[in-house]
Amino acid sequence: MIQTIRALLRRHREIISYVFWGAMTTLVNYTAYFLLRNLLHIPLVTTNVIAWAVSVLFAYVSNKLFVFESKSWAWRVALRELWQMTASRLFSLGLETGILWLFVERLHCGEVIVKLCANVLVVVVNYVLSKFIIFRKKAG
């Protein structure tokens, strides 16, 4: 039984790691947001943008090191990865916002279920972009 669980964990290590570090990224985002908002009294939009940027940087480092195990820290590689991570997260932010606007504001669907479904889609999109574009393994 334990060997079966270990084999499953090894086989799905990348996805399990992605979910774990994604949860940590969310924690970083919320922590930064609430510290900036409640302790420093920074305006809402500014706080949200800073928290988003901090969490994207955290996601980049954790995904690079622990999820996709990208080994190179050559400045061209790191800059390309960071740029692609930022662009992909901006894309997924726009995707989620568009989904919320369409389904909640225009079609009057339930906000909670739409937000949940949009989050699931965003997690999948971010994983695919990270795995196959940002941190793709070189062939050969």
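What you are looking at is a predicted structure, and each value in this text was computed from that prediction instead of being measured.

> Can you tell me about the packing of aromatic side chains, naming the residues and giving the values?
Within this structure, the stated rule accounts for eleven aromatic pairs. An angle of 15° between the planes, with centres 4.8 Å apart, marks the rings of Trp-21 and Phe-66 as stacked. Pair noted here: Trp-21 is in helix 2 (residues 13–38) and Phe-66 is in helix 3 (residues 44–67), with a separation of 45 residues, a long-range link. We classify Trp-21 as buried; its relative accessible area is 19%. Summarising the aromatic geometry, the rings of Tyr-30 and Phe-34 are spaced 6.2 Å apart at their centres and angled 40° between planes, so their arrangement reads as tilted. Taken as a pair, Tyr-30 and Phe-34 lie in helix 2 at a separation of four residues, close to a single helical turn. By the ring-pair criterion, three or more aromatic residues cluster together here, those being Tyr-18, Tyr-60, Phe-68, Trp-73, Tyr-127 and Phe-135. For the cation-ring pair, Lys-64 lies above Trp-73, with the distance from its terminal atom to the ring centre recorded as 4.8 Å.

> Give a detailed account of the nonpolar core, specifying residues and quantitative values.
In terms of nonpolar packing, the biggest core is built from eleven residues, these being Tyr-18, Trp-21, Val-56, Tyr-60, Val-67, Phe-68, Ala-78, Met-85, Tyr-127, Ile-134 and Phe-135. Where this core is concerned, the elements lending two or more residues are helix 2, helix 3, helix 4 (75–106) and helix 5 (111–134). In terms of residue count, the dominant contributor to this core is helix 3 (three residues). Apart from the residues within four sequence positions on either side, Ala-78 is in contact with Tyr-60 and Trp-73.

> Tell me what's going on with helix 3, and back it up with residues and numbers.
Helical geometry note: an α-helix holds 3.6 residues per turn, so side chains three or four residues apart project in the same direction. Listed in full, the buried residues belonging to helix 3 are Thr-47, Ala-51, Ser-55, Val-56, Ala-59, Tyr-60, Ser-62, Asn-63, Lys-64 and Val-67. One or two steps after helix 3, the chain reaches Glu-69, where phi turns positive at roughly 50°.

> Outline the pattern of salt bridges, supporting the account with residue identities and numerical values.
All chains considered together, the criterion is met by four salt bridges. For Lys-131, the salt bridge goes to Glu-14, with nearest N and O atoms at 2.9 Å. Of this pair, Lys-131 sits in helix 5 while Glu-14 sits in helix 2, placing them 117 residues apart in sequence. Glu-14 sits in the buried class, given a relative accessible area of 17%. In this structure, Glu-96 and Lys-115 form a salt bridge, with 2.6 Å as the shortest nitrogen-oxygen distance.

> I'd love a proper account of the packing of helix 2 against helix 5, names of residues and values included.
Relative orientation of the contacting elements helix 2 and helix 5 amounts to 125°, with a least axis distance of 12 Å. Relative to helix 5, the element helix 2 lies oblique. As for the relative orientation of helix 2 and helix 5, their crossing is right-handed in sense. Taking contact as the criterion, the partners of Glu-14, Ile-15 and Tyr-18 in helix 2 are, on helix 5, Val-123, Asn-126, Tyr-127 and Lys-131.

> Explain the side chain of Ser-92 to me, and be specific about the residues and the numbers.
Within the secondary structure, Ser-92 sits in helix 4. Separated by 3.1 Å, the side chain of Ser-92 and the backbone oxygen of Arg-89 make a polar contact.

> Please provide a residue-by-residue account of a nonpolar patch on the surface, values included.
Side chains of Ile-113, Leu-116, Val-120, Val-124, Val-128, Phe-132 and Ile-133 sit close together on the surface and give an oily, nonpolar patch of about 640 Å² of accessible area. Assignment of secondary structure puts Val-120 in helix 5.

> I'd like a description of unusual backbone geometry, backed by residues and values.
Negative phi values dominate among residues other than glycine, just as trans dominates among peptide bonds. For Glu-69, which is not glycine, the phi torsion reads 50° and is therefore positive. Mapped onto the fold, Glu-69 is located in the loop between helix 3 and helix 4. Classification of Glu-69 as partly exposed rests on a relative accessible area of 36%. One non-glycine residue, His-108, adopts positive backbone phi at about 60°. As for its position among the elements, His-108 is in the loop between helix 4 and helix 5.

Analysis parameters
- Residues numbered from 1 in each chain as written.
- Predicted model: local features only at pLDDT ≥ 70, side-chain atom pairs only at ≥ 80, totals over all residues.
- Heavy atoms only, no water.
- Phe/Tyr/Trp six-rings, centres within 6.5 Å; stacked < 30°, edge-to-face > 60°.
- Helix = DSSP H or I, 4+ residues; strand = E, 2+ residues; numbered from the N terminus.
- Buried < 20%, exposed > 50% of the residue type's maximum accessible area, 1.4 Å probe, protein only.
- Lys NZ or Arg CZ within 6 Å of the ring centre and 35° of its normal.
- Core = buried A, V, L, I, M, F, W, Y, C linked by side-chain atoms within 4.5 Å.
- Contact = heavy atoms within 4.5 Å.
- Salt bridge = Lys/Arg side-chain N within 4 Å of Asp/Glu carboxyl O.
- Axes fitted to C-alpha atoms, helices over the stretch in contact; angles between N-to-C directions.
- Parallel < 35°, antiparallel > 145°, perpendicular 65-115°, else oblique.
- Left-handed = near helix turned anticlockwise from the far one by under 90°.
- Polar contact = N/O pair within 3.5 Å; in protein donor to acceptor, adjacent residues only side chain to side chain.
- Patch = residues over 30% accessible without salt bridge, like charges linked within 9 Å, V, L, I, M, F, W, Y side chains within 5 Å.
- Areas by Shrake-Rupley, 256 points an atom, 1.4 Å probe, with all protein chains shown as cover.

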